[in-house]
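Each chain, written out:
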Amino acid sequence: MTDQRGVLYGLGIGPGDQELITLKAFRILQSVPVVAYPAPEVGDSLARSIAAPHLSGEQTEIVIRMPMTPGNFPANDAYDRYGTEIAGHLDAGRDVAVLCEGDPFLYGSFMYMYQRLSGEYRAEVVPGVSSLGAVAAVAGRPLVSRNQVLSILPAPMDEEELEQQLAKTDAAAIMKVGRHLEKVKRVLARLGLDGGATYVEHASMPNQKIMPLSEVPADAAPYFSMVLVCPGEVGGG
Ligand SMILES: C[S@@+](CC[C@H](N)C(=O)[O-])C[C@H]1O[C@@H](n2cnc3c(N)ncnc32)[C@H](O)[C@@H]1O
């Protein structure tokens, strides 16, 4: 007997530029009856704004509003609730696409939905162009070559740990900079790496900014920002 239930798609929709959506994501985006996307508790969803030109206007939309708290409890609760809502559509035979900024499996919140639903339902992950590739491209900074090691480091991590990780890698992409900008600057300065680091916010979007890290004003980084420290600047070079 064939499974009549809907398919859950984790749809990578790229870093912002609407031309950086894959043909596969584009096709699925236009064909699914239900789209879901993360959004802050108050305000618009970046994922929806990227996908907006491709939505039919007739699709059911589920806004996954997430409390931005460091602990897991409220978020887990919210994922359970939205998971149940999405499962309702899948049970009724409707495919659901969860829109993911960049790539779904690179710090993407879709993975929490995937954990909850992929055991029970058919789930397909459609990779997207990640912010990592987009940031390196717009900054004109190749990431790594030959046997060099690239570390992807979340800025919220402990200061000492961040320093240890930076000291032992060839290149680094520091993500989720936002309110951790001053800490990132401090650590890079201690390692003598601040001079060559590049700061990029909103890569590939109309409000993109690229500048040397040293020129970024204090406390001025939005959440969608990244710092690149490229080979020759970190570790053994
Ligand atoms: C929760 S992670 C999501 C990453 C996403 N899944 C991806 O594949 O790029 C959010 C972080 O990605 C980075 N980011 C995402 N889009 C970006 C963009 N367009 N420009 C700069 N950084 C971006 C920022 O560091 C941001 O804090």
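Placed above this text is the structure.
Criteria and thresholds
Residues numbered from 1 in each chain as written. Predicted model: local features only at pLDDT ≥ 70, side-chain atom pairs only at ≥ 80, totals over all residues. Heavy atoms only, no water. Helix = DSSP H or I, 4+ residues; strand = E, 2+ residues; numbered from the N terminus. Rg over C-alpha atoms; globule rule 2.2 N^0.38 Å. Areas by Shrake-Rupley, 256 points an atom, 1.4 Å probe, with all protein chains shown as cover. Lys, Arg positive; Asp, Glu negative; His and termini not counted. Charge placed at Lys NZ, Arg CZ, Asp CG, Glu CD. Near = heavy atom within 4 Å. Polar contact = N/O pair within 3.5 Å; in protein donor to acceptor, adjacent residues only side chain to side chain. Nonpolar A, V, L, I, M, F, W, Y, C, P; charged D, E, K, R; others polar. Pairing = 2+ DSSP bridges. Axes fitted to C-alpha atoms, helices over the stretch in contact; angles between N-to-C directions. Contact = heavy atoms within 4.5 Å. Buried < 20%, exposed > 50% of the residue type's maximum accessible area, 1.4 Å probe, protein only. Phe/Tyr/Trp six-rings, centres within 6.5 Å; stacked < 30°, edge-to-face > 60°. Lys NZ or Arg CZ within 6 Å of the ring centre and 35° of its normal.

1. Brief notes about the overall build of the protein
Thought 1: When helices and strands are tallied, the protein shows seven helices and 10 strands.
Thought 2: What you see for the protein is a C-alpha radius of gyration of 19 Å, in line with the 18 Å of a compact globule of 237 residues.
Thought 3: With respect to the three principal axes, the spread of C-alpha positions in the protein is 60 × 35 × 35 Å.
Thought 4: On the protein, roughly 11700 Å² of surface is accessible, and the fraction owed to carbon and sulfur atoms is 51%.
Thought 5: When the 19 basic and 28 acidic side-chain charges of the protein are each reduced to a single mean position, those positions are 1 Å apart.

2. A word on the site of the ligand
Thought 1: Close contacts around the ligand come from 18 residues, with Glu101, Asp103, Ser131, Tyr223 and Ser225 the closest.
Thought 2: One of the side-chain N or O atoms of Ser131 is found 2.6 Å from an oxygen atom in the ligand.
Thought 3: Look at the ligand: alone it shows 570 Å² of surface, and the protein chains cover 95% of it.
Thought 4: Among the elements of the structure, α5 (131–139) and β10 (225–229) are those that each provide at least two residues to the shell around the ligand.
Thought 5: Each residue belonging to the shell around the ligand can be placed in one class, and the counts come to 10 nonpolar, five polar and three charged.

3. What to know about the sheet that holds β10
Thought 1: Taken together, five strands build an open sheet; the order of strands is β6-β7-β10-β8-β9 and the sheet is mixed. Since the sheet does not close on itself, it has two edges, and those belong to β6 (150–154) and β9 (209–212), each with one partner. The average angle at which neighbouring strand axes cross in this sheet is 20°, direction not considered.
Thought 2: Two strands pair when backbone bridges link them, and β6 and strand β7 (residues 171–175) are joined in this way by five bridges, in the parallel orientation. Within the sheet, the bridge partner assigned to Leu153 lies in β7 and is Ile174.
Thought 3: Here α5 sits on the sheet and contacts β6, β7, β8 (198–201), β9 and β10; the angle it forms with β10, its principal contact strand, is near 65°.

4. Quick notes on the sheet that holds strand β5 (residues 123–126)
Within a sheet, adjacent strands bond to each other through the backbone by hydrogen bonds, running parallel or antiparallel.
Thought 1: The sheet built from five strands is open, its strands ordered β3-β2-β4-β1-β5 with parallel pairing. Either end of the sheet is taken by a strand with one partner, and the two such strands are β3 (60–66) and β5. Geometrically, the sheet is characterised by an average inter-axis angle of 20° between neighbouring strands, direction not taken into account.
Thought 2: In the packing of helix α1 (residues 23–31) onto the sheet, the strands contacted are β1 (8–12), β4 (96–100) and β5, and the crossing angle to β1 comes to about 130°.
Thought 3: The sheet strands contacting helix α4 (residues 110–117) are β1, β3, β4 and β5, and the helix crosses β1 at an angle near 160°.

5. A look at the pairing of β1
Thought 1: β1 sits mainly inside the fold: five of its five residues count as buried.
Thought 2: Going residue by residue along β1, you find Leu8, Gly10 and Gly12 tucked away on one face and Tyr9 and Leu11 tucked away on the opposite face as well.
Thought 3: Pairing of β1 with β4 involves five bridges; the strand directions are parallel. Residue pairing for β4: Leu11 is matched across the bridge by Leu99.
Thought 4: Bridge count for β1 against β5 is four bridges, and the pairing is parallel. Looking at the pairing, Gly10 lines up with Val125 of β5.

6. Considering the packing of aromatic side chains
We describe a pair of aromatic rings using the distance from one ring centre to the other and the angle between the two ring planes.
Thought 1: Summed over all chains, the structure comprises four aromatic pairs.
Thought 2: With a centroid separation of 5.3 Å and an interplanar angle of 75°, the aromatic rings of Phe105 and Tyr114 are classed as edge-to-face.
Thought 3: Residue Phe105 is classed as partly exposed on the basis of its relative accessible area of 41%.
Thought 4: For Tyr114, a relative accessible area of 27% gives the class partly exposed.
Thought 5: Grouping aromatic residues by their ring pairs yields a cluster made of Phe105, Phe110 and Tyr114.
Thought 6: Positioned over the ring face of Tyr82 is Arg81, at 5.5 Å from the centre of the ring.

7. Quick word on unusual backbone geometry
Across the chain, the bulk of peptide bonds are trans and the bulk of non-glycine residues have phi less than zero.
Thought 1: Backbone geometry places Lys176, a non-glycine residue, at a positive phi of 55°.
Thought 2: Mapped onto the fold, Lys176 is located in the loop between β7 and α7 (181–190).
Thought 3: The class for Lys176 is partly exposed, based on a relative accessible area of 27%.

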